Amino acid sequence: MYDLVIIGSGVTGYGAAMYAARLELSVAVIGDVDGGTITLTDDVANYPGFKQLTGTELANQIKNHAEAYPVYIETGTVTDVIKDEQNFFYVITDKKTYLAKSVLFASGMKERELEVPGHDELRNKGVSYCALCDAPLFKDKVVSVVGGSDSAAKEALLLAKYCSKVYLIYRKAKIRPEPINARRIEKESKVEVITNTNVTEILGTDKVTGVKLDNPYNGSDHLAMDGIFIAIGGIPYSQLAVQLGVEVNEKNEIIIDRSSRTNIPGIFAAGDVVDTEFKQAITGVAEGVHAAYQAYRYVNETEFVISCVD
Ligand SMILES: Cc1cc2nc3c(=O)[nH]c(=O)nc-3n(C[C@H](O)[C@H](O)[C@H](O)COP(=O)(O)OP(=O)(O)OC[C@H]3O[C@@H](n4cnc5c(N)ncnc54)[C@H](O)[C@@H]3O)c2cc1C
């Protein structure tokens, strides 16, 4: 029996675990990808207290802090969460079942796929979702990044360290990175921004050779390239919460109040999976900390009755 089971081993989950354990809750963290999304970047320069570090370093720092307390960590996938009539939760993984008084969804998002012809056939043959993982494979090659967010801009800047040319292709009129990254993009001569344009097809047979555009660029709707990196946001991992009756918004993000509480007592949510506009490591950690404190209150203020069956 745990006071709190946390689903997700990203910065939000580990930050919450550290706080919960300090509040002397018995806590378990279950996650499939250690460190989560932040490990996709080699440049984190906006987490207070650390001027610059890689995403993996940040995740490890927060995890190490959590591990300074009695936090149980399982590498695994949660396949179901069930609530019983006594307000206990059964958190079921591919390895075992946890009995919990409260649950925190810190489950983040999976990448949104670019749904165009050629995508599925050429995935991992030039179509990638991780510049940090795959950039060295495209040394001195021409690539594109699809997207206009700060993450997309950072992916383009990282790729520019390896590639001869990086197109940043965005469907709207203006990309929207942080000002500091916008200036870096302007200064980086290898990055060329193409706005008001969608990629409608990825071309190639054994490997990516180019893309088709819905708006001609330099007089052509074909753009030759060796790789395409997709950075068009994510889809929240909220399905298990929805099955429990947790309310989500139209984007399937879990709806929380200012203390990371959901509509179901005992279920909390924080980080990229929730209905906040600004999704960063620091905001996720802060929401996770709120959730840990509210779980502490909930566990201490709720009367749990274990009924025995003969
Ligand atoms: C390229 C890029 C660069 C970025 N750069 C920055 C930056 O510089 N600064 C910054 O603050 N933010 C940055 N971000 C955003 C930041 O990474 C996220 O906001 C943050 O990592 C979210 O953390 P999280 O713990 O809420 O979710 P996640 O990191 O997504 O962690 C959730 C984890 O839960 C796992 N999970 C989901 N469902 C289950 C299940 N059923 N069972 C087990 N595990 C499950 C997921 O696989 C994942 O590992 C960047 C994002 C990207 C993509």
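Here, the structure is the one placed above.
Parameters and conventions
- Residues numbered from 1 in each chain as written.
- Predicted model: local features only at pLDDT ≥ 70, side-chain atom pairs only at ≥ 80, totals over all residues.
- Heavy atoms only, no water.
- Salt bridge = Lys/Arg side-chain N within 4 Å of Asp/Glu carboxyl O.
- Helix = DSSP H or I, 4+ residues; strand = E, 2+ residues; numbered from the N terminus.
- Buried < 20%, exposed > 50% of the residue type's maximum accessible area, 1.4 Å probe, protein only.
- Pairing = 2+ DSSP bridges.
- Axes fitted to C-alpha atoms, helices over the stretch in contact; angles between N-to-C directions.
- Core = buried A, V, L, I, M, F, W, Y, C linked by side-chain atoms within 4.5 Å.
- Contact = heavy atoms within 4.5 Å.
- Phe/Tyr/Trp six-rings, centres within 6.5 Å; stacked < 30°, edge-to-face > 60°.
- Near = heavy atom within 4 Å.
- Polar contact = N/O pair within 3.5 Å; in protein donor to acceptor, adjacent residues only side chain to side chain.
- Areas by Shrake-Rupley, 256 points an atom, 1.4 Å probe, with all protein chains shown as cover.
- Left-handed = near helix turned anticlockwise from the far one by under 90°.
- Nonpolar A, V, L, I, M, F, W, Y, C, P; charged D, E, K, R; others polar.

Draft legend 1. Examining the pattern of salt bridges more closely. If you walk through the whole model with that rule in mind, you get 9 salt bridges. Here Arg 123 ties to Glu 113 by a salt bridge, and the two come within 2.8 Å at their closest N and O atoms. One end of the pair, Arg 123, is in the loop between helix H3 (119-122) and strand E8 (127-128); the other, Glu 113, is in the loop between strand E7 (109-111) and H3, with 10 residues separating them in the sequence. Classification of Arg 123 as partly exposed rests on a relative accessible area of 27%. Residue Glu 113 is classed as partly exposed on the basis of its relative accessible area of 37%. With its nearest N and O atoms 2.4 Å apart, the salt bridge here joins Lys 165 to Glu 192.

Draft legend 2. Structural view of the sheet that holds strand E14 (residues 220-224). Pairing is antiparallel in the open sheet, where 3 strands are placed in the order E12-E13-E14. If you trace the sheet from one side to the other, it starts and ends with strand E12 (199-204) and E14, each paired once. Between one strand axis and the next, the sheet turns through 25° on average, direction left out of account. With 5 bridges connecting them, E12 and strand E13 (residues 208-217) associate as antiparallel partners. In the sheet register, Ile 202 faces E13, and the bridge partner there is Val 211.

Draft legend 3. Looking closely at the nonpolar core. Core analysis: the biggest nonpolar cluster contains 34 residues, and Leu 4, Ile 6, Val 27, Leu 58 and Leu 104 have the highest contact counts within it. Among residues more than four places away in sequence, those in contact with Leu 4 are Ala 20, Leu 25, Ser 26, Val 27, Ala 28, Ser 102, Val 103, Leu 104 and Ala 295.

Draft legend 4. Structural view of the packing of aromatic side chains. Evaluated as defined, the whole model comprises 10 aromatic pairs. Seen from their ring centres, Phe 138 and Phe 229 are 5.4 Å apart, and the 75° between their planes marks the pair as edge-to-face. Highlighted residues: Phe 138 in the loop between helix H4 (131-134) and strand E9 (142-146) and Phe 229 in strand E15 (residues 227-230), separated in sequence by 91 residues. Each member of the pair Phe 138 and Phe 229 is classed as buried. Between Tyr 298 and Phe 304, the aromatic rings sit 6.0 Å apart at their centres with planes inclined by 80°, giving edge-to-face as the arrangement. Taken together, the ring pairs in this structure connect Phe 88, Phe 268, Tyr 298 and Phe 304 into an aromatic cluster.

Draft legend 5. Region of the structure containing the site of the ligand. What surrounds the ligand is a group of 34 residues, the closest being Thr 12, Asp 32, Thr 37, Lys 154 and Asp 272. With respect to the ligand, the side chain of Lys 154 contributes an N or O atom lying 2.4 Å from an oxygen atom. One of the side-chain N or O atoms of Gln 280 is found 3.3 Å from an oxygen atom in the ligand. Burial of the ligand by the protein amounts to 93% of the accessible area it has alone, namely 1000 Å². Counting only elements with at least two residues in the shell around the ligand, the list comes to helix H1 (11-22), strand E2 (27-31) and helix H5 (150-160). A total of 3 residues in the shell around the ligand trace back to one element, the largest contributor, which is H5.

Draft legend 6. Spotlight on the packing of H5 against helix H6 (residues 179-187). Interaxial distance between H5 and H6 falls to 10 Å at its minimum, and their mutual angle equals 35°. The handedness of the crossing between H5 and H6 is left-handed. Seen from H5, the contacting residues are Asp 150, Ala 153, Lys 154, Ala 156 and Leu 157; seen from H6, they are Asn 181, Arg 184 and Ile 185. Residues of the contact of H5 with H6, tallied by class, amount to 4 nonpolar, 1 polar and 3 charged.

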